[in-house]
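# Per-entry structural report
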Amino acid sequence: MTDDKVKRRLTTVLCADVYGYSRLMEADETGTLETLRRYRTAIARLVERHDGRIVNTWGDAVIAEFASVVEAVQCAVEIQQEISSQASDASQASPMQFRIGINLGDVMVDGSDIYGDGVNIASRLQELAEPGGVVISSSVYDQVHNKLSVGFDCLGQRPMKNIAPLTSYRLTLGGQAAGSGSFAIGDRTTPSERARAPWMDDRRAPSSPMNVVSDWLTRLPRPVAAALTVSAFLIVINLLTSHKIWFHWPVAAILFGVVMRMVLGNRPESDSRTER
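Sequence positions are assigned chain by chain, starting from 1 and proceeding in written order. Where totals are concerned, whole chains, interfaces and linings use all residues; where local detail is concerned, this predicted model gives features only for residues with pLDDT of at least 70, and gives and counts side-chain atom pairs only at 80 or more. Note: side-chain values were computed over all heavy atoms of the structure, leaving out hydrogens and water.

### Comments concerning a nonpolar patch on the surface
Like charges within 9 Å and nonpolar side chains (Val, Leu, Ile, Met, Phe, Trp, Tyr) within 5 Å are joined into patches, using only residues over 30% in relative accessible area that form no salt bridge. Exposure was quantified through the Shrake-Rupley algorithm and a 1.4 Å probe, taking into account, for residues, occlusion by the shown protein chains and nothing else. Counted as salt bridges are all cases of a side-chain nitrogen of Lys or Arg within 4 Å of a carboxyl oxygen of Asp or Glu. On the surface, a nonpolar cluster with roughly 280 Å² of combined accessible area is contributed by Phe233, Ile237 and Trp246. Exposure classes here rest on a 1.4 Å probe applied to the protein chains alone. A residue is buried below 20% of its type maximum, exposed above 50%, and partly exposed in between. Given the relative accessible area of 53%, Phe233 is considered exposed.

Okay, structure coming up:
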């Protein structure tokens, strides 16, 4: 008897898609196709450098998988930096930008192709990203947040078409959040050398109570974290400056406002088509 059991594996899936591809093609088909081919070549080179493989390149999308979550995220950052650099050098009126989603999940394997929720979630996360941005799932965040010197903004649970809501995080690719640890485009180091790089330090010092609290707050949706911080500040001010307890009223109002915002923000959105 033949074994018809579906093969599965846990893998990191990266989905990259051109933002506003139809609009770009309408404006300049030849130029858009030429740019897409050039960027795909750059993406393939970076994926190979980070020990990944291209799974599919239908339409304007690129699907890749990686054995290492850290390598996948680093590759995504370098892809966005490479594309941004090429776009600035070309000085295009309407530069081509990619949105990238990354998910760590279980996939079904059929030859060289992969299918299933692990791939679908990466595709939906890509739709949440801003042009030139990267959005990762909570499963990816858990593996990389203490290994890479990039910033993470919690987006909370966003509704996604045909996918149960899950917590996602937006990578901060520049500015103070990324700091000096942002990834160099021209870095030719091997994976083993990158593992010893200063921006990827697994031998961290024991966490202080303040670091534990700060890390816990970063895992919360931004409105909740802000509300808890302000509430704690009001409580401390009340206890230090007055014998009369008054903080419960403003704290209650703040928490009520946050709860209402979260409840209203999690209502299902209309199934409208977003621009690709």
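Moving on from the model shown.
### Side note on helix α2 (residues 29–49)
Its 21 residues place the ends of α2 30 Å apart at the C-alpha level, agreeing with the 30 Å of an ideal helix rising 1.5 Å per residue. Those residues of α2 lying buried are Gly31, Thr32, Thr35, Leu36, Tyr39, Ala42, Ile43, Leu46, Val47 and Arg49. All buried residues of α2 fall inside an arc of 145° around its axis, so they share one side. In α2, the exposed positions that point more than 90 degrees away from the buried face belong to Glu29, Thr30, Glu34, Arg37, Thr41 and Glu48. Nitrogen and oxygen atoms within 3.5 Å of one another constitute a polar contact, given that in protein one can donate a hydrogen and the other can accept it, and given that sequence-neighbouring residues count only through two side-chain atoms. Numbering goes from the N terminus for both helices and strands, where a helix is a DSSP run of H or I of at least four residues and a strand is a run of E of at least two. Between a side-chain oxygen at the N-terminus of α2 and the backbone nitrogen of Gly31 the separation is 3.0 Å; the capping residue is Asp28. In the stretch just after α2, Asp51 is the one whose phi turns positive, near 60°. By this rule, a helix spans an expected 1.5 Å times one less than how many residues it contains. The reported arc concerns the directions from the helix axis to the C-beta atoms and nothing else.

### Some words on the packing of aromatic side chains
Two rings from Phe, Tyr or Trp (for Trp, the six-membered ring) form a pair when their centres sit within 6.5 Å of each other. Planes less than 30 degrees apart are called stacked, planes more than 60 degrees apart edge-to-face, and all others tilted. One pass over the structure, following the stated rule, counts three aromatic pairs. Geometrically, the ring pair formed by Tyr39 and Phe98 is edge-to-face, given 6.2 Å between the ring centres and 65° between the ring planes. Residue Tyr39 is found in helix α2, and its partner Phe98 is found in strand β4 (residues 98–110); the two are separated by 59 residues along the sequence. Summarising the burial analysis for this pair, Tyr39 and Phe98 share the class buried. With a centroid separation of 5.2 Å and an interplanar angle of 85°, the aromatic rings of Tyr141 and Phe152 are classed as edge-to-face. One end of the pair, Tyr141, is in helix α5 (residues 138–144); the other, Phe152, is in strand β7 (residues 151–160), and eleven residues separate them in sequence. By the burial criterion, Tyr141 is buried, and Phe152 matches it. Joined through ring pairs, the aromatic side chains of Tyr141, Phe152 and Tyr169 make up one cluster.

### Things to note about helix α9 (residues 222–241)
Between its terminal C-alpha atoms α9 stretches 29 Å, which fits the 28 Å expected from 20 residues at 1.5 Å a residue. Looking at α9, one finds that the buried residues are Ala225, Ala227, Ser231, Leu234 and Asn238.

### A word on the pattern of salt bridges
A full pass over the atoms with the stated rule returns eight salt bridges. With a closest N to O distance of 2.6 Å, Glu65 and Arg9 form a salt bridge. With Glu65 in strand β3 (residues 61–66) and Arg9 in strand β1 (residues 7–18), the pair connects residues that are 56 residues apart, well separated along the chain. In this structure, the salt-bridge partner of Glu65 is Arg53, at a minimum N-O distance of 2.7 Å. Of the two residues, Glu65 is situated in strand β3 and Arg53 in strand β2 (residues 52–56); the sequence distance between them amounts to twelve residues.

Any functional reading would require information that these geometric values do not contain.
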